[in-house]
Amino acid sequence: MNDSPTHRFGRYEIRSELGSGAMGVVYRGYDPEIGRQVAIKTIKRTLDLPPSKRKEYLERFRREAQAAGRLSGHANIVPVFDVGLEGDLPYIVMAYVEGQSLDRMRRKQTLTEEQVAGIVGNICAALEHAHRNGIIHRDVKPANILMTPAGAVLTDFGIARLDGSELTRAGTFLGSPSYMSPEQVRGTAIDGRSDLFSLAVIAYLLLTGEKPFPAEDTNGILYKIVNDPHPDPATHDRELARWTGFFAKALAKQPEDRFADAASFEEAFRRTAAGETVVAGPPMAAAAAEAPVERASDSMKPTYQRTLPVERHNPLADRSVFFNMDVKSQVSKRRSSSTTDSGRIERLLRSAAGNSRRGSDDGLPPMFWAGLVVVAALLGGLVLFFWPS
């Protein structure tokens, strides 16, 4: 309630705060004219934005309402009812959804494959509808998926790109780092396959308990998304070996190597969950998909280890604010250390081999002579003991 300058937004009454983020806050409200509960999203009153940024954020609010309006009526998308201004604060009125976010749910409990398949199916249905209407969500993540008794619903199209929109173009950097697609990181043109990559990251997290591109900071996450293969799911649990091929395709670096649309993504996920191996993945991961069980039981190492690219592209080379590591320096230091260490080890091995050869080539070994002396001493003692006095 502290961020709300009033107890009303237009005709809507504010009842309580539902949650807040870095820039926005969501309230539980009430529409007295219709007699229903609603959710009201607005910018934080304490948010200090320069005029240009404030204008952009206001446009994102307007665009979210426009996007959701085009998608109204779908069971897996939270509908928007109204949009307006209260003083200088914009607000969006959405349907109030009883439930919690997927992000909160997954932290409280471990979901079964059957539950994950249901969530993926619901979100695929929402994305299929959105993509068919020319809207890309661009920020598919657990916090934007709400869990209801009827299933999962997708919300927050605030950074969606509509066909014809002038605000969010190629070259801009929007989204949540851990769930971004490689093309989002690069700032190149995207399509619906970018949303499906984000959904694959969520599915991987729900099945394995780990994100596919973990790192200590944002720089590391973004670099891994573009350059590094994800760990084989079997490295987390051998029972997940059949998912190797699915995620090889769903998390492919190039959009053309991924599933073409949400319908094919959902079908492959459902069949894999049922125990089928239906996806071979892109060329780099094809070998990993052929025999995941053997690799998992023998070494438990990622099956993609053999396919690391020789030369890696740094997508943030011109974004020093995001990426400030001297990769070449670090690599050269590691190589120098590795060379020195390997040379030292080789010399030690040669020395040991030489000592072994000298012990065998230079006559009888010292232990033989030592044993001979001991035997002679024992015999001498026996002679003296039995010698008649």
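Quantities reported herein were computed from a predicted structural model and do not represent experimental measurements.

Undergrad: Can you help me understand the packing of aromatic side chains in this one?
TA: For any pair of aromatic rings, the description consists of the separation of the ring centres together with the inter-plane angle of the planes. Using the criterion set out here, one finds 13 aromatic pairs in the structure. Ring plane angle 75° and centroid distance 5.3 Å describe the contact between phenylalanine 246 and phenylalanine 265, whose orientation is recorded as edge-to-face. Of this pair, phenylalanine 246 sits in helix α7 (residues 244-250) while phenylalanine 265 sits in helix α8 (residues 262-273), and the two are 19 residues apart along the sequence. Of the two residues, phenylalanine 246 and phenylalanine 265, both sit in the buried class. A centroid spacing of 5.5 Å and a plane angle of 70° characterise the contact between phenylalanine 259 and phenylalanine 265, whose relative ring orientation is edge-to-face. By relative accessible area, which is 0% here, phenylalanine 265 ends up buried. Taken together, the ring pairs connect Tyr204, Trp243, Phe246, Phe247, Phe259, Phe265 and Phe269 into an aromatic cluster. Lying across the ring of phenylalanine 81, arginine 36 places its NZ or CZ 3.8 Å from the centre. Sitting over the face of the ring of phenylalanine 259, lysine 249 holds its NZ or CZ atom 5.7 Å from the ring centroid.

Undergrad: Which parts of the structure should I look at to understand the pairing of strand β4 (residues 36-43)?
TA: It is a general feature of regular strands that their side chains alternate between the two faces of the sheet. A large share of β4 lies buried, amounting to 6 of its 8 residues. As defined by bridge partners, strand β3 (residues 24-31) adjoins β4 across 8 bridges and the pair is classed as antiparallel. Within the sheet, the bridge partner assigned to aspartate 31 lies in β4 and is arginine 36. Between the end of β3 and the start of β4, which pair antiparallel, lie 4 residues, with glycine 35 showing a positive phi angle near 75°. Inspection of the sheet shows β4 paired to strand β6 (residues 89-95) by 5 bridges, in the antiparallel sense. Within the sheet, the bridge partner assigned to lysine 41 lies in β6 and is isoleucine 92.

Undergrad: Where do I start with the sheet that holds β4 in this structure?
TA: Strands in a sheet are paired, the pairing made by backbone hydrogen bonds, and the direction either parallel or antiparallel. A sheet is described by the order of its strands in space; here 6 strands give the open sequence β1-β2-β3-β4-β6-β5, paired in antiparallel fashion. What marks the edges here is a single partner per strand, and that holds for β1 (8-9) and β5 (80-86). Packing against the sheet, helix α1 (residues 51-70) makes contact with β3, β4, β5 and β6, and its axis sits at approximately 25° to β6.

Undergrad: Which parts of the structure should I look at to understand the pairing of strand β10 (residues 151-154)?
TA: Of the strand pairs in this sheet, strand β9 (residues 145-148) and β10 are connected by 4 bridges, and their pairing is antiparallel. What sits directly across from leucine 146, in β10, is valine 153. Between the antiparallel neighbours β9 and β10 lie 2 residues.

Undergrad: What's the story with unusual backbone geometry in this structure? I'm lost.
TA: The bulk of non-glycine residues show a negative phi, and the bulk of peptide bonds are trans. Phi is positive for arginine 138, which is not a glycine, with a value near 80°. A relative accessible area of 7% places arginine 138 in the buried class. Look at aspartate 156: it is not a glycine, yet its phi comes out positive at around 60°. Tracing the sequence through the fold places aspartate 156 in the loop between β10 and β11 (161-162). Taking relative accessible area as the criterion, aspartate 156 reaches 21% and is therefore assigned partly exposed.

Undergrad: Teacher, can you tell me more about the sheet that holds β9 here?
TA: On the basis of which strands lie adjacent, the open sheet formed by 3 strands has the order β7-β9-β10 and antiparallel pairing. Every other strand in the sheet has two partners, leaving β7 (100-101) and β10 as the edge strands with one partner each. The strands that helix α3 (residues 113-132) touches are β9 and β10; relative to β10, the one it contacts most, it runs at about 35°.

Undergrad: It is not clear to me how the packing of α3 against α8 should be interpreted in this structure. Could you clarify?
TA: What describes two packed helices is the angle between their axes and the distance between those same axes. Between α3 and α8, whose axes approach to 9 Å, the crossing angle comes to 170°. Here α3 lies roughly antiparallel to α8, going by the angle between them. Residues Glu113, Val116, Ala117, Val120, Gly121, Cys124, Leu127 and Glu128 of α3 form the contact with α8, whose participating residues are Ala262, Ala263, Phe265, Glu266, Phe269 and Ala273. Along the lines of polarity and charge, the residues of the contact of α3 with α8 split into 10 nonpolar, 1 polar and 3 charged.

Undergrad: How should the nonpolar core be read in this particular structure?
TA: The nonpolar side chains of soluble globular proteins are, as a tendency, buried together. Counting 51 residues, the largest nonpolar core has Phe246 and Phe265 as the members making the most contacts within it. For this core, the elements supplying multiple residues, two or more each, are α2 (102-108), α3, β9, β10, α5 (192-208), α6 (218-227), α7 and α8. For this core, the leading source of residues is α5, giving 11 residues. Counting residues in each nonpolar core, the second largest holds 13 residues, with Tyr57, Ala68, Met94 and Val153 among its members.

Undergrad: I would appreciate a short explanation of α5 in the present structure.
TA: The α-helix winds at 3.6 residues per turn, so residues separated by three or four positions along the chain end up facing the same way. Spanning 17 residues, α5 covers 25 Å between terminal C-alpha atoms, matching the ideal 24 Å at 1.5 Å per step. Counting buried positions along α5 gives 16 out of 17 residues, so the element sits mostly inside the fold. In the segment just after α5, glycine 209 is the residue with positive phi, at about 85°.

Undergrad: Just to check I follow, could you spell out the pattern of salt bridges for this structure?
TA: Two side chains bearing opposite charge may form a pair once their charged atoms approach each other closely. In this structure the tally under the stated criterion is 15 salt bridges. Of the charged contacts in the structure, one is a salt bridge between lysine 141 and aspartate 139, with a shortest N-O distance of 3.6 Å. Both residues of the pair, lysine 141 and aspartate 139, belong to the buried class. Its salt-bridge partner being glutamate 276, residue arginine 271 comes within 3.0 Å of it at the nearest N-O pair.

Conventions we followed
- Residues numbered from 1 in each chain as written.
- Predicted model: local features only at pLDDT ≥ 70, side-chain atom pairs only at ≥ 80, totals over all residues.
- Heavy atoms only, no water.
- Phe/Tyr/Trp six-rings, centres within 6.5 Å; stacked < 30°, edge-to-face > 60°.
- Helix = DSSP H or I, 4+ residues; strand = E, 2+ residues; numbered from the N terminus.
- Buried < 20%, exposed > 50% of the residue type's maximum accessible area, 1.4 Å probe, protein only.
- Lys NZ or Arg CZ within 6 Å of the ring centre and 35° of its normal.
- Pairing = 2+ DSSP bridges.
- Contact = heavy atoms within 4.5 Å.
- Axes fitted to C-alpha atoms, helices over the stretch in contact; angles between N-to-C directions.
- Parallel < 35°, antiparallel > 145°, perpendicular 65-115°, else oblique.
- Nonpolar A, V, L, I, M, F, W, Y, C, P; charged D, E, K, R; others polar.
- Core = buried A, V, L, I, M, F, W, Y, C linked by side-chain atoms within 4.5 Å.
- Expected span 1.5 Å × (residues − 1).
- Salt bridge = Lys/Arg side-chain N within 4 Å of Asp/Glu carboxyl O.

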